[in-house]
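Given next are the chains, with one letter for each unit.
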Amino acid sequence: MGRPKIHDDATRATLLRAAENLAESEGLSAVSLRRLATETGLSTRAAYSTFGSKAGLIDALGALAFDWLADQVRRMPETDDPARDLVETAQIFRRLAIEHTVIFQTGFQSESRDSANPLIRRAAARALGQLTRRVERVVPPERVRDTVLGISALCEGLATHELRGSFDAGRDPVETWRAMLSTHVAGLRPPE
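Everything numeric here is computed off the predicted structure, so don't read it as measured data. (Residues numbered from 1 in each chain as written. Predicted model: local features only at pLDDT ≥ 70, side-chain atom pairs only at ≥ 80, totals over all residues. Heavy atoms only, no water.)

Chemist: Could you clarify how one ought to interpret the overall build of the protein chain in this entry?
Modeler: On a plain count of helices and strands, the protein chain comes out with nine helices and zero strands. Reading the secondary structure of the protein chain in the N-to-C direction produces α-α-α-α-α-α-α-α-α. Viewed in the frame of its principal axes, the protein chain has a C-alpha envelope of about 60 × 50 × 30 Å. For the protein chain, with 192 residues in total, the buried portion stands at 43%. Put simply, 68% of the contacts in the protein chain that link residues at least 6 apart link residues at least 24 apart. Accessible area of the protein chain: about 10,600 Å², with a carbon and sulfur share of 52%. Looking at charge distribution, the protein chain has the averaged site of its 26 positive side-chain charges lying 6 Å from that of its 26 negative ones. (Helix = DSSP H or I, 4+ residues; strand = E, 2+ residues; numbered from the N terminus. Buried < 20%, exposed > 50% of the residue type's maximum accessible area, 1.4 Å probe, protein only. Contact = heavy atoms within 4.5 Å. Areas by Shrake-Rupley, 256 points an atom, 1.4 Å probe, with all protein chains shown as cover. Lys, Arg positive; Asp, Glu negative; His and termini not counted. Charge placed at Lys NZ, Arg CZ, Asp CG, Glu CD.)

Right, dumping it as structure tokens:
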């Protein structure tokens, strides 16, 4: 008989939420498993048995970015306008980058995004699966893979530009994203 699981998904979620909050306010370098234990009132053992090390925690934060995306896209209702749905799906990516900057940067722009990392790879596959479902409603099967890559790259690039402050000061960022994605998605559809 295996050893009973002492620390559950609720413990993991509590620690990840505390890590994200701490990293948002003080930077990722301020996050340690001992500090998380103190911040959450959990034991140091709980933090270490959940993540193993700070590197394990950082990987979990990176995976959290993809899990958050997958969950939000999955919850988004589908309408009778799949192209518009695809454009609006990009707003979810924007929310990740703006509202959860640390996990966005950890998941998409850091070394934890290492493709050899199984935790990150599985979480990314779940998120891409949700995007793929949306894309399949818009383009023929032979164009799905390239379209998913293109939309993912466009969203990541737009997020990076917005976080850097590279958008026009007088233009609404939501509308900027919508215009960019609308142009891209319109180019995906065959002429009628």
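Chemist: What exactly am I supposed to notice about the packing of helix H5 (residues 82-99) against helix H9 (residues 173-188) here?
Modeler: Each pair of packed helices gets described by two things: the angle between the helix axes and the distance between those axes. Between H5 and H9, the shortest axis-to-axis distance is 9 Å and the interhelical angle comes to 140°. Comparing their axes, H9 and H5 come out oblique. Two packed elements cross with a definite hand, and for H5 against H9 that hand is right-handed. Between H5 and H9, the residues in contact are Ala83, Leu86, Val87, Glu88, Ala90, Gln91, Phe93 and Arg94 and Pro173, Val174, Trp177, Arg178, Leu181, Ser182 and Val185, respectively. (Axes fitted to C-alpha atoms, helices over the stretch in contact; angles between N-to-C directions. Parallel < 35°, antiparallel > 145°, perpendicular 65-115°, else oblique. Left-handed = near helix turned anticlockwise from the far one by under 90°.)

Chemist: Which parts of the structure should I look at to understand helix H3 (residues 44-51)?
Modeler: Because each turn of an α-helix spans 3.6 residues, side chains separated by three or four positions in sequence point in the same direction. Of all the positions in H3, only Ala46, Ala47, Thr50 and Phe51 are classed as buried. Along the long axis of H3, the arc covered by the buried residues comes to 100°, so they all point the same way. Tucked inside the fold, the buried residues of H3 contact helix H1 (9-26), helix H2 (33-40) and helix H4 (54-75). Phi turns positive one or two residues past the end of H3, at Gly52, with a value near 85°. (Arc of directions from axis to C-beta.)

Chemist: How do you make sense of the pattern of salt bridges when you look at a structure like this?
Modeler: Opposite charge on two side chains allows them to pair when their charged atoms are near. Applying the stated criterion across every chain yields a total of 13 salt bridges. Arg74 is the salt-bridge partner of Asp71, the closest N and O atoms lying 2.5 Å from each other. Linking Asp71 with Arg74, this pair stays in helix H4, spanning three residues, or about one helical turn. Within the structure, one salt-bridge network assembled from shared partners comprises Glu78, Asp85, Arg133 and Arg137. (Salt bridge = Lys/Arg side-chain N within 4 Å of Asp/Glu carboxyl O.)

Chemist: Which parts of the structure should I look at to understand the environment of Arg133?
Modeler: As for its placement among the helices and strands, Arg133 is situated in helix H7 (residues 118-136). On the basis of relative accessibility, which here comes to 37%, the residue Arg133 falls in the partly exposed class. C-alpha of Arg133 to C-alpha of Asp59: the two residues are 74 residues apart in sequence and 26 Å apart in space. A polar side-chain atom of Arg133 sits 2.9 Å from a polar atom in the side chain of Gln130. (Polar contact = N/O pair within 3.5 Å; in protein donor to acceptor, adjacent residues only side chain to side chain.)

Chemist: Mind showing me how you'd approach the confidence of the model for the protein chain here?
Modeler: Interpretation of the predicted coordinates at a detailed level should be avoided for regions scoring low in pLDDT. On average, residues of the protein chain score 89 in pLDDT, and 91% of them reach the 70 mark or higher. Scored below 50 in pLDDT, residues 1-5 makes one contact in the model with residues more than four places away or belonging to other chains. (pLDDT = per-residue confidence, 0-100.)

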